[in-house]
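The lines below spell out each chain.
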Amino acid sequence: MSPGPGLAVVGTSGGPGVPKTCDSNAQTCALRDANLAKAPLSAVESSRRAVEDQLKISGHKRDVDVLELFLSRKELTEVIDLSRFRKLKYLWLHHNKLHGIAFLTKNYCLTELYLNNNAIFEIAGLHSLRSLHILMLHHNELTNIDVTVKELKGMLNLKILSLYQNPLCQYNLYRLYIIYHLPGVTLLDRNQVTEKERRSMITIFNHEKAHILQSIAFGGKVDASWNPTSPFKQKPTQSVPSGILKKKKKKLKLLKLMSNLIIIIIAIIIS
């Protein structure tokens, strides 16, 4: 049967007799599908796919069997909630583009967590991971040393901590401050915590304990109640003659000078 007037027939990949308009639509559809294939996945979907790929590699079929996940170098900006892996102990998320850690605050069995080389600027919720033994947070964007320490204080099992290459490391006495507030840490920023550092930490941050030790060393002659960081407080006294008052003030000044001198001597001995 011949085609009707006005309808041109051309040979196409679909065989003879396919109108040219149909061939053009097929090319458009193919181009659209190709563009969709190249379109970037959403952050959450990309994360979900990365997790599922790891599960296939490990061969685990049940979430309860998953003890470790290796999700580093995946260009992740977000991570799906990982609370389904209740027994997860080891998690590698280094070298991504993460900003926070809200996705893992319910993984209470975690003992090793690698979050280095990201863009993390807050670790709110990390305090709930009390089983952590190793925590790597170097090369991130943590700026507030007090907030960071507050999140880490409850981790009594934490032994290895890495925070270098964060803005908070620029604080004076940063290392001693971390050692003072996290006494259980034995390896900080790839360096062993020494006894010398612990003694220095007590002298600088724990004035009450330092003065008690001085009092013992000097036969109880040092005023252990004096704190050099706070103004000297005089006890309220009754009216006394001016001459006696002047003598008291001189004694107080002398005591303050002696305490300062003792702290300086101890610091020299420690160093």
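Residues numbered from 1 in each chain as written. Predicted model: local features only at pLDDT ≥ 70, side-chain atom pairs only at ≥ 80, totals over all residues. Heavy atoms only, no water.

Some thoughts on the overall build of the protein
If you tally the helices and strands in the protein, you get seven helices and nine strands. The proportion of buried residues among the 271 residues of the protein is 32%. Here the contacts in the protein between residues at least 6 apart in sequence split such that 38% fall between residues at least 24 apart. Of the roughly 17,500 Å² of accessible surface on the protein, a fraction of 58% belongs to carbon and sulfur atoms. (Helix = DSSP H or I, 4+ residues; strand = E, 2+ residues; numbered from the N terminus. Buried < 20%, exposed > 50% of the residue type's maximum accessible area, 1.4 Å probe, protein only. Contact = heavy atoms within 4.5 Å. Areas by Shrake-Rupley, 256 points an atom, 1.4 Å probe, with all protein chains shown as cover.)

Digging into the side chain of Asn-116
By secondary structure assignment, the location of Asn-116 is in the loop between β5 (112–114) and β6 (134–136). At 3.5 Å, the side chain of Asn-116 and the side chain of His-138 are in polar contact. Not counting residues within four places of it along the chain, the set of residues in contact with Asn-116 comprises His-94, His-95, Met-136, Leu-137, His-138, His-139 and Asn-140. (Polar contact = N/O pair within 3.5 Å; in protein donor to acceptor, adjacent residues only side chain to side chain.)

Some thoughts on the nonpolar core
One broad trend across soluble globular proteins is that nonpolar side chains are buried collectively. Counting residues in hydrophobic clusters, the biggest one holds 48 residues, and the most contacted among them are Leu-91, Leu-93, Leu-113, Leu-126 and Leu-161. For this core, the secondary structure elements donating two or more residues are α2 (43–58), α3 (145–152), α4 (174–181) and α5 (195–205). The biggest single contributor to this core is α4, with five residues. Discounting residues that sit within four places of it in the chain, Leu-113 has contacts with Leu-91, Leu-104, Leu-126, Leu-129, Leu-132, Ile-134, Leu-135 and Met-136. (Core = buried A, V, L, I, M, F, W, Y, C linked by side-chain atoms within 4.5 Å.)

Things to note about the packing of aromatic side chains
On inspection of all chains with the given rule, the structure shows three aromatic pairs. Centroid distance Trp-92 to Tyr-114: 5.7 Å. Interplanar angle 5 degrees. Geometry classified as stacked. Here Trp-92, found in strand β4 (residues 90–92), pairs with Tyr-114, found in strand β5; they are 22 residues apart in sequence, far enough to count as distant. Connected via pairs of aromatic rings, a cluster forms that spans Phe-70, Tyr-90, Trp-92 and Tyr-114. (Phe/Tyr/Trp six-rings, centres within 6.5 Å; stacked < 30°, edge-to-face > 60°.)

A closer look at the environment of Ala-119
Mapped onto the secondary structure, Ala-119 falls in the loop between β5 and β6. Expressed as a C-alpha distance, the spacing of Ala-119 and Gly-100, which sit 19 residues apart in the sequence, is 8.1 Å. Setting aside residues no more than four positions away along its own chain, Ala-119 makes contact with Leu-98, His-99, Asn-140 and Glu-141.

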